[in-house]
Amino acid sequence: MLRPSATFGRMRPEGSVRGSLLFALLSSFAGYAPIGLANVLLATVHTLDSPPTALDEPLLLGMYGFSFAVYGVLVPAMGLVTTLFVSMGDHLVLKGLGVPSSFRATLRGHALSQGVHLVGLVPCLGVPVFVLWCMGVRVVAYRALYRLGWGTAAMGALLFPFLAGGLGVWGWRAWVESWSGLGDWSWLLDG
């Protein structure tokens, strides 16, 4: 996490797909499960202030179950799918740049760059930090794995996520505008 150049410089480029995906899943779980735990703790502290009534108990149990399902299962599973999707996009960009790359190496670099998800153990500060940190470490990973310059590694690691993100924002905006007949949604689009 703190010395990615040294770490990735000693790493073998090839690895098993299963190992890379397992590492990505465990990293995602380590990054997001503390958020679910923090939600459960906040709900528990809330119930200590006032004893729950008969109507509150099912609601609290539902909150605990929902928080676990979202942050302990759904988000790590979505992270696994995202890892595959973005690795494929990065691989296509690297191929387009003329880098002799293999998908297994690209997936390995992408998955191992997610080791920074351990910062998610700090629930409130983890997510904004590890998303950006992970992108920077991915540049270092591709640079070391394929022996690239900084510019090519940055293009390989950042072009696809930025294009996909821009397309997603454009699609969301078009979707919101298509529903403009249901009310004034302009406050969502301003700024």
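Scroll up a little and you will see the structure.
What you see is a predicted model, and the numbers here were worked out from it, not measured in a lab. (Residues numbered from 1 in each chain as written. Predicted model: local features only at pLDDT ≥ 70, side-chain atom pairs only at ≥ 80, totals over all residues. Heavy atoms only, no water.)

A. Spatial organisation of the packing of aromatic side chains. Going through the model one piece at a time under the given rule, you end up with two aromatic pairs. Each ring, one from Tyr-142 and one from Tyr-146, has its centre 6.5 Å from the other, and the planes form 45 degrees; the classification is tilted. Of the two residues, Tyr-142 and Tyr-146 both sit in helix 5 (residues 123-146), four residues apart, roughly one turn of that helix. We note that Tyr-142, like Tyr-146, is buried. (Phe/Tyr/Trp six-rings, centres within 6.5 Å; stacked < 30°, edge-to-face > 60°. Helix = DSSP H or I, 4+ residues; strand = E, 2+ residues; numbered from the N terminus. Buried < 20%, exposed > 50% of the residue type's maximum accessible area, 1.4 Å probe, protein only.)

B. Geometry of the environment of Met-155. In this fold, Met-155 is placed in helix 6 (residues 150-178). The class of Met-155 is partly exposed, set by a relative accessible area of 39%. Residues Met-155 and Tyr-142, 13 residues apart in the sequence, show an inter-C-alpha distance of 10.0 Å.

C. Layout of helix 6. Counted at 1.5 Å a residue, the expected span for helix 6 with its 29 residues is 42 Å, and the 41 Å between its end C-alpha atoms agrees. The sharpest bend along helix 6 reaches about 35 degrees and sits at Leu-158, with the proline Pro-161 one to four residues further on. (Expected span 1.5 Å × (residues − 1). Bend = angle between axes of the 7 residues up to and from the residue.)

D. Structural view of the nonpolar core. By size, the foremost hydrophobic cluster in this structure holds 11 residues: Met-11, Leu-94, Val-99, Ala-105, Val-139, Tyr-142, Leu-145, Tyr-146, Leu-148, Ala-153 and Ala-157. Where this core is concerned, the elements lending two or more residues are helix 5 and helix 6. Here the element with the most residues in this core is helix 5; it accounts for four residues. Ignoring any residue separated from it by four or fewer positions in sequence, one finds Ala-157 in contact with Asp-90, Arg-138, Val-139 and Tyr-142. With eight residues, the next largest nonpolar core counts Tyr-32, Ile-35, Val-75 and Val-116 among its residues. (Core = buried A, V, L, I, M, F, W, Y, C linked by side-chain atoms within 4.5 Å. Contact = heavy atoms within 4.5 Å.)

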